[in-house]
Amino acid sequence: MTTLDNTVTTPTTVRLPAGKMPELRVMPAPSDANVYGDVFGGWIMAQVDLAGSLPATRRANGRVATIAVNSFLFKNPVFVGDLLSFYADITKVGNTSVTVFVEVYAERNRLAAEVVKVTEATLTYVATGPDRKPRQLPPLESLVAHR
Ligand SMILES: CC(C)(COP(=O)(O)OP(=O)(O)OC[C@H]1O[C@@H](n2cnc3c(N)ncnc32)[C@H](O)[C@@H]1OP(=O)(O)O)[C@@H](O)C(=O)NCCC(=O)NCCS
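The structure displayed is predicted, hence computed values, not measured ones. (Residues numbered from 1 in each chain as written. Predicted model: local features only at pLDDT ≥ 70, side-chain atom pairs only at ≥ 80, totals over all residues.)

**A closer look at the environment of alanine 113**
Let me state the cut-off plainly: The secondary structure listing takes helices from DSSP runs of H or I that are at least 4 residues long and strands from runs of E that are at least 2 residues long, numbered from the N terminus.
Positionally, alanine 113 belongs in the loop between strand S4 (97-107) and strand S5 (115-127). In this structure, the C-alpha to C-alpha distance between alanine 113 and arginine 15, residues 98 residues apart in sequence, is 7.8 Å.

**Brief notes about the site of the ligand**
Going by this rule: Nearness is defined per residue: the C-beta atom, placed using the backbone, must lie within 6 Å of the molecule or strand. Only Asp, Glu, Lys and Arg are considered charged in this grouping, and only Ala, Val, Leu, Ile, Met, Phe, Trp, Tyr, Cys and Pro are considered nonpolar; every other residue, Gly among them, is considered polar.
Near the ligand you find 14 residues, and of these Ala68, Gly94, Asn95, Thr96 and Ser97 are the closest. Contributions of two or more residues to the shell around the ligand are made by strand S2 (64-74) and S5. Per element, the largest residue contribution to the shell around the ligand is four residues, and it comes from S2. Residue classes in the shell around the ligand are distributed as five nonpolar, seven polar and two charged.

**Points about the environment of valine 144**
Inspection of the secondary structure puts valine 144 in the segment after S5. The spatial distance from the C-alpha of valine 144 to the C-alpha of aspartate 38 is 41 Å, given a sequence separation of 106 residues.

**A word on helix H1 (residues 41-60)**
In an α-helix, one full turn covers 3.6 residues, which means residues spaced three or four apart are oriented alike. Rules: Given the number of residues in a helix, its expected span is that number minus one, multiplied by 1.5 Å. Two axes define the bend at a residue: one fitted to the seven residues ending there, one fitted to the seven starting there, and the bend is the angle between them. Partly exposed residues are those whose C-beta has more than 12 but fewer than 20 other C-beta atoms within 10 Å; with 20 or more the residue is buried, with 12 or fewer it is exposed, and the C-beta atoms are placed from the backbone.
In this model, H1 (20 residues) spans 28 Å end to end at C-alpha, consistent with the 28 Å of a helix rising 1.5 Å per residue. Along H1, the largest kink reaches about 25° and is centred on leucine 54; proline proline 55 follows within four residues of it. Turning to H1, its buried residues number three or more, namely Ile44, Gln47, Val48, Ala51, Gly52, Ser53, Pro55, Ala56, Arg59 and Ala60. Within two residues after H1, asparagine 61 carries a phi angle of roughly 50°, on the positive side.

**A short note on the pairing of strand S3 (residues 83-93)**
In plain terms, the rule: Here, any two strands with at least 2 DSSP bridges between them count as paired.
Judged from the three bridges that link them, strand S1 (residues 24-26) and S3 form a sheet pairing that is antiparallel. If you follow arginine 25 over to S3, its bridge partner there is serine 85. As paired elements, S3 and S4 share ten bridges and run antiparallel to each other. Across the sheet, the residue bridging to valine 93 is valine 98, located in S4. Between S3 and S4, which follow one another and run antiparallel, lie three residues.

**Examining the UniProt feature "domain: HotDog ACOT-type" (unreviewed entry) in the protein**
For the record, the criterion: UniProt positions are given in the numbering used here, feature names are shortened, and annotations may be inferred rather than shown by experiment.
When the UniProt feature table is mapped onto this chain, "domain: HotDog ACOT-type" (unreviewed entry) is found at residues 18-131. Secondary structure over residues 18-131 splits into 18% helix and 43% strand, and the C-alpha atoms at its two ends are 40 Å apart.

**Description of the sheet that holds S3**
Within a sheet, each strand pairs with its neighbour through backbone hydrogen bonds, oriented either parallel or antiparallel. Going by this rule: Each axis is a line fitted through C-alpha atoms, taken for helices only over the stretch in contact, and angles between the N-to-C directions span 0 to 180 degrees.
Read across the sheet, five strands follow the order S1-S3-S4-S5-S2 without closing on themselves; strand pairing throughout is antiparallel. The open sheet has two free edges, formed respectively by S1 and S2, since each of these has just one partner strand. Going across the sheet, the axis of each strand differs from the next one's by a mean of 25°, ignoring polarity.

**Overview of the nonpolar core**
Let me state the cut-off plainly: For this analysis, nonpolar core means a set of buried Ala, Val, Leu, Ile, Met, Phe, Trp, Tyr and Cys residues linked through C-beta atoms within 7 Å. In this description, a residue-residue contact is defined by the distance between C-beta atoms placed from the backbone, which must lie within 7 Å.
The biggest cluster of nonpolar side chains holds 25 residues, and the ones touching the most others in it are Val48, Val64, Phe86, Val100, Val102, Val104 and Tyr125. Sorting the residues of this core by element identifies H1, S3, S4 and S5 as the ones contributing at least two each. No other element matches the seven residues that S5 contributes to this core. Beyond its immediate stretch of four places on either side in the chain, valine 102 contacts Val48, Ala51, Gly52, Phe86, Tyr87, Ala88, Glu120, Ala121 and Leu123.

**Some remarks on unusual backbone geometry**
The phi angle at asparagine 61 is positive, at roughly 50°, despite the residue not being glycine. Even without being glycine, arginine 132 reaches a positive phi, approximately 65°. With respect to the helices and strands, arginine 132 occurs in the segment after S5.

Structure follows, in structure tokens:
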């Protein structure tokens, strides 16, 4: 992180969330970064969208489409070689929509001791049918593998 006077501050290191499984773990490659080695925000957004869609798809028991990115915060930069873990939790369920909170942590240099929270975002997905129109979510009780 760079401050106004151009000095560099070290982001606070944290731990990966205990007892939770990431939806996605991925390591950005040089082709995902700009010439300074910082990973493109758009690449991170694509991974966040994918990670968030997984619990939404399970809850919808079928296809979903992203209708809104409600908020997005790039709190710390992501570098080539960071091992990223994406955690996603459903925060709201409507008639056809599922809202998901996604948190992203980076293990710098692939070291578990150097964990930095880099991104958090909230996205809304809509369950859709074969006609690509909104579809009523199935009752929770009808889902066998819901978690
Ligand atoms: C997703 C889509 C089928 C929904 O159809 P729609 O007619 O716009 O949807 P509706 O207005 O009926 O709203 C559907 C749900 O989304 C919610 N919604 C609508 N706008 C929203 C917004 N800005 N933020 C959050 N939720 C929103 C509604 O509240 C509703 O939820 P509910 O049924 O749980 O109450 C349609 O908008 C679409 O195809 N969008 C393009 C999707 C896409 O290409 N995404 C990128 C690739 S996946």
